[in-house]
Amino acid sequence: MVITGLIGLALSGALANADFDGQTWLCSGQSNMAYTLDRGRDAGFELPADMATRLARVDLRFATLPVMTSLEPLAPHENPLHWRPVTPETMGESSAVCLFAALDYAEATGQSVRYIVSALGGSHIEPWLPARELADWFAAHPDWDAYMRDPEGALAAWQAEIEPVILAEDPLSALRAADPDYWPDTSAWPVIAGPQRWENTQIGARDGVVWLAHRFDLNARDLTGPADLALATIDDVDWTYVNGCAVGANFIWSVDRHYTVDPACLREGENEVLIRVYDGGGSGGLKSQAHQLYIQTQAGRRIALAGDWAYHLGAEPGLPSSPSGSAQTIPTGLYNGMIAPLLDQPIDAVIWYQGEGNRNASTQGEYAQYLKALMRSWRSDFDAPDLPFVIVQLPEFDAQGDGQGYRFGKIRLAQFLAANSDPYAFLISGLGEGVLTDIHPWDKTQIAARIAEALQGLSDHPALLLLSREGARVSLSCDGALSLEPGLVADQGRPAFELCQDSEVCTPIDVSLEGGQIYLPSGDALRGALTYARADLPAQKLMCAGRPLPAFQLHIPG
């Protein structure tokens, strides 16, 4: 008998570090990791009735790192952590999947858990890698290589190119350029509620310049030092002023804005922030959550800026795209801005939930190599050679729009290939938790429970998946009984099992279920790799001991 294949790893023993009496996790990836509990509730998720009671019995803390991209690794003080307890009042701002995983883990083990959320919606994997892992990528993208060598020069040249166009076509910009003391009277401007993308307001779909203004009050104590103006993400480009003073500008839409306002620019009583926003395509405007929009004074007072924002429609010039792209795609940018500042933290485990952003850009093998490089480099840089990685395999989603695609499935198999070759990686199946038309499943509790189980090293977790041949018969088994259940769209989904000669040349294969094992058609000539869940919407879901197995690709033994 020849045996091949191993899925996952049962992590053994209680994880701990000397600097904190409990677990410290790093939760990273893209929007399904950043997805907050409040966002899930807005989509229809019903909070467990005993949530407050459960939180009162455990010690959970979290820190959400502001989105920051950099071309050089940042030091800890340049993107510092701000720990907060997880309470009924703060839980809505936390990553939902990381919160529920930590809660399940703390309840099961009695340990305290703190977790860092360092994630950005829409991000590809390349921005999360250090530069040393992307030499081949830069060689294949010479334009990016040139930008990385002189980013300030590239951005300055771009601004010099677009500013004359804006001044020529936007009257308000021209007035401010001609008279730096000019400040528009915004009292008669129409109003929208903010923050929100302006496509959801009476502004509608608009590419071009929109001016936004909001008034707020300060007292004498607020004027004792500089203030922090927080605007989160603005799509695409902003130039921001307070009471006539230019306080900052940013050309990367997906980066959180934090501008320091000199006390000389502030006054007792009414103040006003004015933002010139330019959107070059897609949605535009203030794309943050309400709690991310504020000004915090030296006295420690935080004044919310969510609410009514006056607006004025400016010009609609067609401008060339910024050479910087977005934080989601700038190679090494998120590693430098959101991982490098954490390297002084003693991390016990990494939870990685990403891959959607690479569904169109990467081949299966390419993504697998990037994920291997990410695990290898992070372990090296955190000085933790056996740092566990829990990888959430992508759930179902109709990425192609017709139920027939393989984009998500391609990434699932790449995640399997990377995890299957790593002794400290554990692959969590997302199958069964997808939503057909929404890339963001709003109920994260089941995936969170699987993460918590993996980090507990439960001995009954179905880790082994074995493909064996006895004569002409090939069978698949696990360390529990296998079973099949209907997929998310069983009547429309693609075949769950295929025989592949490589990652792209695959044919459906009929399998049978007998005595808790899967049997392939008999035949001495049966060759290739048994592949499960390569389709975005597999028609069947494979279970082991009642738990969903990840997508996999195992070579049939000879």
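Anything mentioned here points back to the structure above.
These numbers come from a predicted model, not from an experiment.

Undergrad: Could you clarify how one ought to interpret the overall build of the protein chain in this entry?
TA: A count of helical and extended segments in the protein chain gives 12 helices and 31 strands. A compact globule built from 558 residues would reach a C-alpha radius of gyration of about 24 Å, and the protein chain, at 26 Å, matches this within 12%. Overall, the C-alpha framework of the protein chain stretches about 85 × 50 × 40 Å when taken along its three principal axes. The proportion of buried residues among the 558 residues of the protein chain is 55%. Considering only residue pairs separated by 6 or more positions, the protein chain has 80% of its internal contacts joining residues 24 or more positions apart. With an accessible surface of roughly 22000 Å², the protein chain has 49% of that area assigned to carbon and sulfur atoms.

Undergrad: Help me out: how do you make sense of the pattern of salt bridges in this one?
TA: Once the charged atoms of two side chains with opposite charge are near each other, the side chains can pair. Under the definition given, this model contains 20 salt bridges. Close ionic contact of Arg-54 with Asp-104 constitutes a salt bridge, the shortest N to O distance being 3.2 Å. Of this pair, Arg-54 sits in helix H3 (residues 51-56) while Asp-104 sits in helix H4 (residues 96-109), placing them 50 residues apart in sequence. In this structure, Arg-54 and Asp-104 share a single accessibility class: buried. A salt bridge links Asp-381 to Arg-132, with the shortest nitrogen-to-oxygen separation between them at 2.8 Å. A residue pair is termed long-range when its members are at least 10 positions apart, and Asp-381 in helix H10 (residues 364-381) and Arg-132 in the loop between strand S5 (112-119) and helix H5 (135-140) qualify at 249 residues. A residue is classified by how much of its surface remains accessible, and Arg-132, at 48% relative accessible area, is partly exposed. Within the structure, one salt-bridge network assembled from shared partners comprises Arg-54, Asp-104 and Glu-107.

Undergrad: Just to check I follow, could you spell out the sheet that holds strand S12 (residues 257-261) for this structure?
TA: Backbone-to-backbone hydrogen bonds pair the strands of a sheet. The strands run either parallel or antiparallel. One open sheet accounts for 4 strands, arranged S12-S8-S15-S16; its pairing is antiparallel. Bordering the open sheet on either side are S12 and strand S16 (302-304), each of which pairs with just one other strand. Adjacent strand axes in the sheet meet at a mean angle of 20 degrees when their direction is disregarded. When strand S8 (residues 227-232) meets strand S15 (residues 294-296), the two strands line up antiparallel, connected through 3 bridges. Directly across from Asp-228, in S15, lies its bridge partner Gln-296.

Undergrad: How should the state of the cysteines be read in this particular structure?
TA: Any covalent bond linking the sulfur atoms of two cysteines counts as a disulfide. Applying the stated criterion across every chain yields a total of 4 disulfides. A sulfur-sulfur separation of 1.7 Å characterises the disulfide bridge that pairs Cys-27 with Cys-98. Highlighted residues: Cys-27 in strand S2 (residues 22-29) and Cys-98 in helix H4, separated in sequence by 71 residues. For the pair Cys-27 and Cys-98, one class covers both residues: buried. Paired through a disulfide, Cys-500 and Cys-506 show a sulfur-sulfur distance of 2.0 Å. The sign of the 110 degrees torsion about the S-S bond sets the Cys-500-Cys-506 disulfide as right-handed. Comparing Cys-500 with Cys-506 shows no difference in burial state: the two are buried. The cystine pairing of the protein chain, numbering bonded cysteines in sequence order, is 1-2, 3-4, 5-8, 6-7.

Undergrad: Looking at this structure, how should I read the environment of Phe-45?
TA: Tracing the sequence through the fold places Phe-45 in the loop between helix H2 (37-43) and H3. Phe-45 sits in the buried class, given a relative accessible area of 8%. Considered as a pair, Phe-45 and Val-273 are 228 residues apart in the sequence and their alpha carbons are 35 Å apart. For Phe-45, the contacting residues outside a window of four places in its chain are Leu-37, Gly-40, Phe-100, Trp-442, Asp-443 and Thr-445.

Procedures and definitions
- Residues numbered from 1 in each chain as written.
- Predicted model: local features only at pLDDT ≥ 70, side-chain atom pairs only at ≥ 80, totals over all residues.
- Heavy atoms only, no water.
- Helix = DSSP H or I, 4+ residues; strand = E, 2+ residues; numbered from the N terminus.
- Rg over C-alpha atoms; globule rule 2.2 N^0.38 Å.
- Buried < 20%, exposed > 50% of the residue type's maximum accessible area, 1.4 Å probe, protein only.
- Contact = heavy atoms within 4.5 Å.
- Areas by Shrake-Rupley, 256 points an atom, 1.4 Å probe, with all protein chains shown as cover.
- Salt bridge = Lys/Arg side-chain N within 4 Å of Asp/Glu carboxyl O.
- Pairing = 2+ DSSP bridges.
- Axes fitted to C-alpha atoms, helices over the stretch in contact; angles between N-to-C directions.
- Disulfide = S-S within 2.5 Å.

As far as function goes, none of this settles anything; it's purely spatial.
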